[in-house]
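# Architecture and fold: a report
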Amino acid sequence: MRLLINTPTEDAEAWRAQFLALAPELDIRIWPDAGPVEEIDVVFAWRTRAGDLARYPRLRAVFSLGAGVDGLLADPQFPRHVPLVRMVDPNLAVLMAEYVAAAVLRYHCELDRYQALQAGQRWEKHVRPFACERTVGVLGLGELGTNAARTLAALGFPVRGWARSAHAIDGVHTFAGEAGLPAFLDALQVLVCLLPLTPHTRGLLDARLFARLAPGAFVINVARGAHVVERDLLAALDSGQLAGATLDVFDTEPLPAGHPYWTHPRVLVTPHISSVTSLRTAAALVVDNLRQWQAGGRLRNVVDPERGY
Ligand code: GLV
């Protein structure tokens, strides 16, 4: 089987070495040196240039390096007849739950406030509420959202979860669909976004949504920058409707120099590191999926192109 790797260039050789260590039978090419286009069976990619995937006439599957596949489906010429496999690695969910828990606890324990007080050498004590008095909501209940919601519930927070379709998660109060969104948002104190980016979820985090949260709520976006309407977020922070935002993802990455987020006193910026695919564990999962498929089994974790996740 011929596999074309199209990942950010600094990683491509490392992925090749890892795949070959696990499956020496693979014939691996690294984009843009695909060789004859009709030889490519499978592409492993993060994002591709528009039209690139349409160049391989015998393409049988596309494997996404990331859990989110919006970057691949953004290509208007994406070959829709070819199965697209998203990255499902339990380690991605563990890393994400750690980041989300850290971000929520930073607000809950008011470490952000003490960092600001320290800058002024001010010794000021505040009594914080109990975790059971601070309701946290997780938008998106896929592999990552579900695990994050469970982890927050285990820390003692009342947790709500929202997704387009109905989900049942022990210890989490779940809501579904557009009709369930207002009740999910109502007076939430911390909102975590872990939605897939689709036409339905683009720009969902806007002024109307922020107004439904508790005054002084916190927002944590670890999904995609385009879920957030930037000027609405900045206005909500400036008016005090939001007390802080932890942002790991942005419309433009890297976040451009001079962007207001960089210097905003109530914004924490991290460079898309909340959960990063590890080739040490993910390559084995890709190889296992490929081998079972070669042996006549079904490909696992195939995206529904209509839903976009
Ligand atoms: C990262 O953003 C991913 O989709 O895995």
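The residue numbers shown here count from 1 along each chain, following its written sequence. Per-residue local features of the predicted model are confined to residues with pLDDT of at least 70, and side-chain atom pairs are confined, for both listing and counting, to 80 or more; whole-chain, interface and lining totals are unaffected and use all residues. For side-chain calculations, the full set of non-hydrogen atoms in the structure is used, while hydrogens and water are omitted.

## Thoughts on the environment of Asp248
The condition that has to hold: Helix numbers and strand numbers start at the N terminus; a helix is a DSSP run of H or I with at least 4 residues, a strand a run of E with at least 2. Note on exposure labels: buried denotes an accessible area under 20% of the residue type's maximum, exposed denotes more than 50%, and partly exposed covers the range between, all computed with a 1.4 Å probe on protein chains only. Contacts were defined at the residue level, with two residues in contact if any of their heavy atoms lie within 4.5 Å. Pairs of N or O atoms within 3.5 Å make up the polar contacts considered here, provided that, within protein, one atom can donate a hydrogen while the other can accept it, and that residues adjacent in sequence are counted only when both atoms are side-chain atoms.
Looking at the element boundaries, Asp248 is found in the loop between β11 (242-247) and α9 (260-263). Of the residues examined, Asp248 reaches a relative accessible area of 0% and is grouped as buried. Remark: the alpha-carbon pair of Asp248 and Leu152, spanning 96 residues in sequence, is separated by 19 Å. Not counting residues up to four positions away in its chain, the partners in contact with Asp248 are Tyr99, Asn221, Val222, Glu253, Thr270, Pro271, His272, Ile273 and Ser274. One polar contact links Asp248 to Ser274, side chain to side chain, over a distance of 2.6 Å.

## Here we look at the packing of helix α1 (residues 9-22) against helix α10 (residues 279-294)
Worth spelling out the cut-off: Fitted lines through C-alpha atoms give the axes, limited to the stretch in contact for helices. The angle between two N-to-C directions lies from 0 to 180 degrees. Small angles under 35 degrees read as roughly parallel and large ones over 145 as roughly antiparallel, with 65 to 115 read as roughly perpendicular and the rest as oblique. By the definition used in this description, the sense in which the near helix is turned from the far one sets the handedness, with an anticlockwise turn below a right angle giving left-handed and a clockwise turn giving right-handed.
Closest axis-to-axis distance for the α1/α10 pair is 9 Å, and the angle between their directions is 50°. The orientation of α1 relative to α10 falls into the category oblique. The way α1 lies across α10 gives a crossing that is right-handed. Of the residues in α10, those in contact with Ala14, Trp15, Gln18, Phe19 and Leu22 of α1 are Leu279, Arg280, Ala282, Ala283, Ala284, Val286, Val287 and Arg291.

## Quick word on the domain arrangement of the protein chain
For clarity, the threshold we go by: Segmentation of the chain into domains, including their bounds, is taken from an automatic or database domain assignment. In this description, buried area is defined as the sum, over both parts, of the accessible area (probe of 1.4 Å) that is lost when the two are combined. Salt bridges are identified by distance alone: a Lys or Arg side-chain nitrogen within 4 Å of an Asp or Glu carboxyl oxygen. In the scheme used here, Gly and all other residues not listed as nonpolar or charged are polar, with Ala, Val, Leu, Ile, Met, Phe, Trp, Tyr, Cys and Pro taken as nonpolar and Asp, Glu, Lys and Arg as charged.
For the protein chain, the domain assignment lists domain 1 (2-89 + 277-294) and domain 2 (90-269). Taking only C-alpha atoms, the centre of domain 1 and the centre of domain 2 are 32 Å apart. At the interface, 12 residues of domain 1 touch 8 residues of domain 2. Roughly 780 Å² of surface becomes buried between domain 1 and domain 2 when both sides are summed, with 54% attributable to carbon and sulfur atoms. Summed over the shared surface of domain 1 and domain 2, the number is 2 salt bridges. Seen at the junction of domain 1 and domain 2, the total is 4 residue pairs in polar contact (both at pLDDT 80 or more). Partitioned by chemical class, the residues of the side of domain 1 that touches domain 2 number 5 nonpolar, 3 polar and 4 charged.

## A short note on the site of the ligand
We count it as follows: Here a residue is near a molecule or strand as soon as one of its heavy atoms is found within 4 Å of it.
Around the ligand, the neighbouring residues are Trp46, Gly66, Ala67, Gly68, Arg224 and His272. Contacts to the ligand include Ala67, whose backbone N or O atom sits 2.7 Å from an oxygen atom. In this structure, Arg224 approaches the ligand through a side-chain N or O atom, which is 2.7 Å from an oxygen atom. Class assignment for the residues of the shell around the ligand results in 2 nonpolar, 3 polar and 1 charged.

## Here we look at unusual backbone geometry
At the junction of Trp31 and Pro32, the peptide bond is cis and its omega measures out at 10° in the coordinates. The residue Pro32 is located in the loop between β2 (27-30) and β3 (42-45) in this model. Cis peptide bonds are those with omega within 30 degrees of zero, and the linkage from Glu253 to Pro254 qualifies with -5°. Within the secondary structure layout, Pro254 lies in the loop between β11 and α9. Phi at Glu110 is positive, roughly 60°, even though this residue is not glycine. Summarising the element assignment, Glu110 is placed in the loop between α3 (90-108) and α4 (111-119). Unlike most non-glycine residues, Asn301 shows phi in positive territory, near 65°. Along the chain, Asn301 turns up in the segment after α10.

## A short note on the packing of α3 against helix α5 (residues 143-154)
Where α3 contacts α5, the axes come no closer than 8 Å and their chain directions differ by 45°. Viewed along their axes, α3 and α5 adopt a mutual orientation that is oblique. When you trace α3 past α5, the crossing you get is right-handed. Two secondary-structure elements touch here, α3 through Leu92, Ala93, Val94, Met96, Ala97, Val100, Ala101 and Val104 and α5 through Glu143, Leu144, Asn147, Ala148, Thr151 and Leu152. When its residues are assigned to classes, the contact of α3 with α5 shows 11 nonpolar, 2 polar and 1 charged.

## Observations regarding the nonpolar core
In a soluble, globular protein the nonpolar side chains are often hidden away together inside. Counted only if it meets this: Only buried Ala, Val, Leu, Ile, Met, Phe, Trp, Tyr and Cys residues count toward a nonpolar core, and they belong to the same one when joined by side-chain atoms within 4.5 Å.
Core analysis: the largest hydrophobic core is formed by 50 residues, its most contacted members being Phe19, Phe44, Phe63, Val100, Val104 and Val192. A total of 8 residues in this core trace back to one element, the largest contributor, which is α3. Counting contributing residues per domain, this core is built from domain 1 (2-89 + 277-294) and domain 2 (90-269), each supplying no fewer than three. Setting aside chain neighbours within four positions, we find Val104 in contact with Val136, Leu152, Phe157, Val190, Val192 and Ile220.

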